[in-house]
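# Coordinates in review
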Amino acid sequence: MIKNYIKTALRIFKRHKLFTFINVIGLSIGISAALVIFLIVYHDFTFDKFHKDKDRIYRVVTEFVYSGEPFYNSGVTGPLPEAAKNEVTGLQESAPFYDQGGYNVIVPGKIQSKFKNQNNIVYANEHYFNIISYKWLAGSVKSLSQPGRVVLASEQAKKYFPSLSYDQMLGKQVVYDDSIKTTVSGIVEEFKENTDFAFHDFISFSTIQNVKDIKQQLTQWGSTNGASQFLVKLLPGSSTAGIEKQLRHMLVKYEPDQTKSGSYKATFRLQPLSDIHFNEHYGAIDNSAANKTTLYGLMAIGAFLLLLACINFINLTTAQASQRAKEIGIRKTMGSSRLQLIGQFLSETFLVTLLAVIISVVLAPFILTLFSDFISKDIKFDLFVHPVVVIFIALLVILVSFISGFYPAMVLSKCRPVQVLKTEAYAHGAKTRKAWLRKSLTVSQFVIAQFFIMATMLVSKQIYYALHKDLGFKKDAIVYIELPWKQKNTSLKQVFVNKLRALPQVEMLTLGGDIPSSQGWSSNAVTYKDGKKEIKSELYHKYGDENYISIYQIKLLAGRNITRSDTASAMLINSTYAHILGFKNAADALGKTISFGKTEQKQIVGIVGDFHQASLRAAIKPMAIFPQDYKWEGTVHIALKPQTVGGNEWKTAISGMERSWKEIYPDDAFEYHFFDESIAKMYEKEQHTSKLLTWATGLSILISCLGLLGLAMFTTNLRTKEIGVRKVLGATVTQIVRLLSTELVMLVLLAFAIVTPLAWWLMNKWMQNFVDKTTISWWIFALSGAGMLLTAFLTLSFQTIKAAIANPVKSLRSE
């Protein structure tokens, strides 16, 4: 029976080649999108799912509140882990670890090996391995209780000691940054599963006692560093709320100033292991958190594209009902049951779906390469490596076959032989009874397609607005270079700066702190006393010299600029902070004194114009610019001279900077950044969203137009005799095209009327992510509707004009 089903299906495909082609292409597009999106979503949702007792593992994080506004840090104060181990009940294990990358590694030997700028190096103790489970290939976890020990992951161990076995590696020396000498005491197997815990060098935590800078940080309750992290594993039945309460009591005990009511408060939270990969507030372990909203959006896009393809199949199959009426009637007359007919039609759907899946499997690797710039390089399409993909494909075949084939099978199989053998009567009946469903499905297709068009246009408009808005500073032709943070030799910094200043392409240069607009921030709780009351607020700050505001062309509104001769007590503030202090005229704030803590005070010597310190998602904060400080002289800011058309002056300048870098910092990798590119990177998520929406829009329009073309072909074939009669009676080509197109064009207009208010509401919700945003212009909806209408009309024209100009003699003779 199945063999007969397949033979009959192949015969039907051969007879209706074009309709079969449209169905296969439509389903291939939908299934390809669903398959690629499944790979992306599955990759992110499987992070750290393999750990033992994963539901009881948490990361302790810190939440700050400054003047009512929350801020988040993935780290904790340095002394907390040891105090929590001794004082907090309900913990089975607790493990501090200090994540600090960028090490230069030396492996001594007959031939000394050097590895520059190595990341994923962490200080950890033996308790870390009781929470995050590894397979030990050599050595033991107990060795990490001693200072000067290091455990290596298997791949990194092979990199350091390529010719040795794991057992032979034990006892070998590894030196970090020339000063941290360690002995290999263990080898663990690298995780093959997706994980945020991708560390490969585990230096014993007690070694920190020999690292002065880190040791000092870990003794201060008032200092929170994102590098100082803390994992805990709760006892079965322990309450997270109870643990958090105990941690808050510790903060009250050891650092009471951070818990008092006022403009500044801090508290500890327990972050579940399952949340680490997705929480953008705290970031993943490697600070590249995935976005669940984006992943759910991807899933919705995949579902919609698959639904569009299924709608196409249902539309075209039910539209062909009249053409298969005689076949159905004869089959029933010869004794076929309805169940057999349903089996026949479902087998046809299954074969079409199977062919579409085969095409999708071939296309998937190529589609992944199109999105390689913003999806993980670990996402690969391999049926043998990921058996779950095979299961997904099998389920997809069954689901699509059922959704696409069940309703047409029910419609085609329920007709009575006497009725269906009267072909004309059945054709008319099919047209009147089933048209409402085809119209509804067609409207649904164009609702989805037009929504994608509107969303794509708005996201693109917001990105353009963000990249071209006056942000309060110059961003073009500026390069900045971050100096090695471990290099404390100030004379080397000055030598490097002098070499850069001598380059002919450099217009101006300064050595200071962070760039004006970035993802990071530094701030202080400050107080201003106006004689009557105290005004407390959080003040963000930057460091620079007199060239800082000149390079970035930040406007000086009142007062004077900071100078080299200024002491640490002078500062510039922005207009926002002047208004917070109560001055309607910002210039009136000149000469006022601001208190930083109990002893330190700074005087306002100048007022600068407001500029955006972060992306347009955030409001402009109260900001100060301090004279350059030794601690913050970590960035060289360089304004380049204008480049001639087609010239390579900037390329020459960068080459000169690299040569100077290698002379001064030979052990550190040279990296430079153009400021305008850093600004654009702040909107990387929106740019990725725009690209995804563009692809979704193109695919949805293609699928919808394929379905529209198929329906137009069916309609013209069904009305061949009518068209011939109308032409004989004098109808023009224009009249016939209008007759054949009007109904389908009206469906597109109806879809526009439905989608416009829905799209406006959803886009307005998305725009609330931005404090400073573009407007949702009327022309977005008008252009989308007009574009979709024109596309639909052009698609219909291929078939309707062909039918309208056909010789009526031939059409009537064929009928």
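Residues numbered from 1 in each chain as written. Predicted model: local features only at pLDDT ≥ 70, side-chain atom pairs only at ≥ 80, totals over all residues. Heavy atoms only, no water.

### Details of unusual backbone geometry
The test is simple: Numbered from the N terminus, helices here are DSSP runs of H or I no shorter than four residues, and strands are runs of E no shorter than two. Classification of residues uses two cut-offs on accessible area relative to the type maximum, computed with a 1.4 Å probe and protein chains only: under 20% is buried, over 50% is exposed, and between them is partly exposed.
Residues other than glycine seldom take positive phi values, yet D177 does so here, at roughly 50°. Backbone geometry at D178 places phi at a positive 65°, although glycine is not the residue there. Its location among the elements puts D178 in the loop between β10 (173–176) and β11 (180–188). You can call D178 exposed: its relative accessible area is 55%.

### Re a nonpolar patch on the surface
Note the following rule: Put simply, a patch holds well-exposed residues, over 30% relative accessible area, that have no salt bridge, with like charges counted together within 9 Å and Val, Leu, Ile, Met, Phe, Trp or Tyr side chains within 5 Å. We get accessible surface area from the Shrake-Rupley algorithm with a probe of 1.4 Å; when it comes to residues, only the shown protein chains can shield them. When a carboxyl oxygen of Asp or Glu is within 4 Å of a side-chain nitrogen of Lys or Arg, the pair counts as a salt bridge.
Nonpolar side chains collect at one region of the surface, where F350, L354, I358, V362 and F366 lie side by side and expose about 470 Å² of accessible area between them. The residue V362 is located in helix α12 (residues 338–370) in this model. Judged by relative accessible area, which is 52%, V362 ranks as exposed.

### Structural notes on the packing of helix α16 (residues 490–501) against helix α19 (residues 649–664)
Keep this limit in mind: Every angle, taken between N-to-C directions, lies between 0 and 180 degrees, and every axis is a line fitted to C-alpha atoms, over only the stretch in contact when it is a helix. Oblique is the label for every angle not falling under 35 degrees (roughly parallel), over 145 degrees (roughly antiparallel), or within 65 to 115 degrees (roughly perpendicular). Should the near helix be turned anticlockwise from the far one by less than a right angle, the crossing is left-handed, and should it be turned clockwise, the crossing is right-handed. We call two residues in contact whenever any of their non-hydrogen atoms come within 4.5 Å of each other. Residue polarity follows a fixed list, in which Ala, Val, Leu, Ile, Met, Phe, Trp, Tyr, Cys and Pro are nonpolar, Asp, Glu, Lys and Arg are charged, and the others, Gly among them, are polar.
With their axes 10 Å apart at the nearest point, α16 and α19 run at an angle of 160° to one another. Judged on the interaxial angle alone, α19 and α16 are roughly antiparallel. As for how α16 packs across α19, the hand of that crossing is right-handed. For the pair α16 and α19, contact is made by L492, V495, F496, K499 and L500 and by M657, S660, W661, E663 and I664, respectively. Partitioning the contact of α16 with α19 into residue classes produces seven nonpolar, one polar and two charged.

### As for helix α23 (residues 733–767)
Our working definition: Expected helix span is given by 1.5 Å per residue-to-residue step, counting one fewer step than there are residues. Here the bend at a residue means the angle between the axes of two seven-residue stretches, the one that ends at it and the one that starts at it.
Between its first and last C-alpha atoms α23 spans 47 Å; for 35 residues at 1.5 Å apiece the expected length is 51 Å, and the two agree. Remark: the principal bend of α23, roughly 45°, maps to T742.

### Some details on the state of the cysteines
Let me state the cut-off plainly: Cysteine sulfur atoms that pair up within 2.5 Å are treated as a disulfide.
One pass over the structure, following the stated rule, counts zero disulfides. Of the cysteine sulfurs around C310, a residue in no disulfide, the closest is that of C705, at 18 Å. C310 gets classed as buried once you look at its relative accessible area, which sits at 3%.

### Looking at the sheet that holds strand β26 (residues 673–674)
Condition: Being paired, for any two strands, means DSSP has found at least two bridges between them.
Pairing is antiparallel in the open sheet, where four strands are placed in the order β17-β25-β16-β26. Unpaired on one side and paired on the other, β17 (506–512) and β26 mark the two borders of the sheet. Looking at chain direction, strand β16 (residues 478–482) and strand β25 (residues 635–640) are connected through five bridges and run antiparallel. Paired with I478 across the strands is A639, a residue of β25. Strands in contact with α16 are β16, β17 and β25; relative to β17, the strand with the most contacts, it is inclined by about 165°.

### Brief notes about the packing of aromatic side chains
Test applied: Pairing of aromatic side chains here covers Phe, Tyr and the six-membered ring of Trp, requires ring centres within 6.5 Å, and sorts the geometry by plane angle: under 30 degrees stacked, over 60 edge-to-face, intermediate tilted. Here, a charge over a ring is recorded when the distance from Lys NZ or Arg CZ to the ring centre is within 6 Å and its angle to the ring normal is within 35 degrees.
In total, this model carries 37 aromatic pairs according to the counting rule given. Chaining the aromatic ring pairs together yields one cluster made of F50, F97, Y128, F129, Y134, W136, F191, F199 and F202. Positioned above the aromatic ring of F596, the side-chain terminus of K602 is 5.7 Å from the ring centre. The ring centre of F626 lies 4.8 Å from the NZ or CZ of K602, which sits over that ring.

### Some thoughts on the environment of L557
Note that L557 resides in strand β20 (residues 556–559). With near-sequence residues (within four places) excluded, L557 lies in contact with S575, I607, V608 and G609.

### Some details on the packing of α23 against helix α24 (residues 778–804)
Packing of α23 against α24 brings their axes to within 9 Å, and their N-to-C directions diverge by 155°. It follows from the interaxial angle that α23 and α24 lie roughly antiparallel. In the crossing of α23 with α24, the sense of the turn from one axis to the other is right-handed. Of the residues that constitute the contact of α23 with α24, the class distribution is 21 nonpolar, four polar and no charged.

Geometry only, nothing functional implied.
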